[in-house]
Each structure stands twice: as structure tokens, then as C-alpha cells.
There are 2 protein chains.
Amino acid sequence: MGQARKYRFATPQEAEAAFYDAFEQRNLDGMMQVWDDDDTIVCIHPMGQRLEAYQSIREGWHQIFAAGSLMHFTVSEQIYIQDAQLAIHMVQEHILLDDEEQPRPPVYSTNIYRLGESGWHMILHHASPSPPGDTSGQGISGDILH
Amino acid sequence: MGQARKYRFATPQEAEAAFYDAFEQRNLDGMMQVWDDDDTIVCIHPMGQRLEAYQSIREGWHQIFAAGSLMHFTVSEQIYIQDAQLAIHMVQEHILLDDEEQPRPPVYSTNIYRLGESGWHMILHHASPSPPGDTSGQGISGDILH
């Protein structure tokens, strides 16, 4: 799958910027440049199946880009934890659809990048819905199992 | 908050076992022994708010343990990625409630542990629902935003 041909991201931040750029532009090749070639990679879209390995993850993005509206992303509430080889980004995605005036409730996303021979690449995107309704307070919603 | 008094987990696997033991036993002190004292920690329960910092996360577990049924956990589909200081566990939790015969649909959880002076402790628990219905196939559900 061409590890040598991978774009070399110098930092996890650079890889993350490319991730959201590709997402907004529905650019499948650009998106898959961000991902590590390894098969030990995982992508979970909100309420979606856990997708494992490069080809499954590529197919997931293909479906999303084929079906979806144009989306504009704003990422906030970033918490970064990093050591020499792994970088963990916990973020909130605020998504504005092309045909909507109000942003959707935020999506919580854990994005993890790994440093390999060809720079930093994504090994996990775990995205999930935030609670419906008011999301300003701290606390957990009443009907969750855990 | 007493880093010196923290239980010293020798491996991320040991910390994870203590996490699910405390979860099943609704043992708040045991649960909080697993978590890092740092305020750069995050806990997201399925469809819950993103909780940040030790005291908010403790209060979240307090609410869950006060309200919840007894739960039995089976963890499967583990994918582990680890370097010297960080360990990422991507798992599926199969939860059987005390008063139910069938397990709930699995919960996808990303659990991250960090090696500090007092051993390995949890810095992230990001849990989210799997898609409703058949979860055996690969693919993404039709109505997700991304």
C-alpha cells in the first residue's frame, strides 16, 4: 500500500490539519494520505461500525464522501498528549452543513497519530455524538448505561 | 490529590483489569485508583458529556454507580498499541445487566494509559454506542453525518 509514497507529515498537528482539510473537501486520496498503512488502525464514525485496517477504512470514507453534504469543520477544546512516538488529540468537532445555518451538536473525537519512518500518520479516529440538547454544563445524561 | 498514594499498576493490562473490576463492583475508590491524578484526563461515557479533570470524572462515576444496575463486562476485539509511555487499548465492551438475559449491543471504547512515576494510569476512557441492530458486518450506518 505504498508506505514509501506516503506524504510525510512533520508533526501530528500537520497531519490533523490535512485530515480535516480532506474531510471538508471530500478528498478520498488526501484523506488516505493521512492514515497509516498499517492494518492495526481503527476508524469509528459517530454511531458507525468499528472499521479496522486500511481498505475497510478507505471504503468507509468513500461512502461518506459519496453520500454526504459539504461540511465545514471547526475544531475546539483540543487536549493534546504526546510522547516520542504517539500523539493523542481529544477534540470537539463543530460541523456546519452546506445547507444548514446552525451547527450540529459537537462530535467528540479522539484522533491518534503515530510517528513512523514516513512521519506522523493517523492510527485512530474515534468519533461519537455529544449528548442531545444543552451541552454547556458538566454532567452526564440521565439515560446512559455507563 | 495524592499521586504518592496511587496504586502502582505495573502494566496497562493490569490497570485495565482493575478498571473493569471496579466498574463491575461499582467501587468508586477502586475506579479512581485507576485514573491518573493529572487534570489532563478525559472521560466520555456513551452519549454523555466530555468530562475533564479528576474531580469531574470522579463525580461522573459516582452518578453512574449510584444509579446503575449491576453490570457484568466481557471485553473483546482488543487492539493494543503501545510505546514506552503511552498505551492505547481499543476494545469492545459487552455488557450484561443483572436483570437482563441478553447482552446489550457492544460499546466501543478507547482506553488510554500513561506511564508515570507511580506506574500506569488511565488518562482517557472514550466510550460510545455501536450501531443499533446487526453489528456483525463491516460498513457504516446509513444515517450518520460522518
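Structure: above.
What this report covers is the structure whose coordinates are included nearby. Here the structure is a predicted model, which is why all the values come from computation and not from measurement.

## Considerations on the relation of the copies chain A and chain B
Mapping chain A onto chain B is achieved by rotating through 180 degrees and translating by 0.0 Å along the same axis, at an RMSD of 0.0 Å. A rotation of that kind, with that shift, is consistent with a two-fold axis. Among all C-alpha atoms of chain A, that of Ser128(A) lies closest to the rotation axis, at 3.0 Å.

## Thoughts on the sheet that holds strand E5 (residues 107-116) of chain A
Residues and elements named next belong to chain A. If you walk across this open sheet you meet the six strands as E2-E1-E6-E5-E4-E3, and the pairing is mixed. Each edge of the open sheet is held by one strand with a lone partner, namely strand E2 (50-52) and strand E3 (71-82). Neighbour-to-neighbour, the strand axes of this sheet turn through a mean angle of 25 degrees, independent of strand direction. Two elements, strand E1 (residues 42-44) and E2, share three bridges in a ladder whose sense is antiparallel. Across the sheet, Cys43 pairs through a bridge with Leu51, a residue of E2. The strands that helix H1 (residues 12-25) touches are E3, strand E4 (86-97), E5 and strand E6 (119-129); relative to E3, the one it contacts most, it runs at about 160 degrees. Contacting E1, E2 and E6, helix H3 (residues 54-67) crosses the sheet at an angle of about 130 degrees to E2.

## What to know about H3(A)
Residue and element names in this part refer to chain A. Compared with the 20 Å implied by 1.5 Å per residue over 14 residues, the 20 Å span of H3 between its first and last C-alpha is a close match. Where H3 is concerned, the buried positions are Tyr54, Ile57, Gly60, Trp61, Ile64 and Phe65. Buried residues along H3 cover an arc of 130 degrees about the axis, so they all sit on one side. Residues of H3 that are exposed and point over 90 degrees away from its buried face: Ala66 and Ala67.

## Points about unusual backbone geometry
Residues other than glycine seldom take positive phi values, yet Met47(A) does so here, at roughly 65 degrees. Position of Met47(A) relative to the elements: it lies in the loop between E1 and E2.

## Description of the pairing of E3(A)
Two faces belong to every sheet, and in a regular strand the side chains alternate between them. All names here are of chain A. As paired elements, E3 and E4 share ten bridges and run antiparallel to each other. Residue pairing across strands places Tyr80 opposite His89, the latter belonging to E4. The hairpin formed by E3 and E4 contains three residues between the paired strands.

## Observations concerning the sheet that holds strand E1 (residues 42-44) of chain B
Residue and element names in this part refer to chain B. Strands sit in the order E2-E1-E6-E5-E4-E3 across an open sheet of six strands; the sheet is mixed. Each having just a single partner strand, strand E2 (50-52) and strand E3 (71-82) make up the two edges of the open sheet. Here the average twist between neighbouring strands, direction ignored, is 25 degrees. As defined by bridge partners, strand E4 (residues 86-97) adjoins strand E5 (residues 107-116) across eight bridges and the pair is classed as antiparallel. Each bridged residue has a counterpart across the sheet, and for Ala87 the counterpart in E5 is Tyr113. Helix-sheet contacts for helix H1 (residues 12-25) involve E3, E4, E5 and strand E6 (119-129), and the interaxial angle to E3 is about 160 degrees. Helix-sheet contacts for helix H3 (residues 54-67) involve E1, E2 and E6, and the interaxial angle to E2 is about 130 degrees.

What counts as what
- Residues numbered from 1 in each chain as written.
- Chains lettered and ligands numbered in written order.
- Predicted model: local features only at pLDDT ≥ 70, side-chain atom pairs only at ≥ 80, totals over all residues.
- Heavy atoms only, no water.
- Least-squares fit on C-alpha atoms with pLDDT ≥ 70 in both.
- Pairing = 2+ DSSP bridges.
- Helix = DSSP H or I, 4+ residues; strand = E, 2+ residues; numbered from the N terminus.
- Axes fitted to C-alpha atoms, helices over the stretch in contact; angles between N-to-C directions.
- Contact = heavy atoms within 4.5 Å.
- Expected span 1.5 Å × (residues − 1).
- Buried < 20%, exposed > 50% of the residue type's maximum accessible area, 1.4 Å probe, protein only.
- Arc of directions from axis to C-beta.

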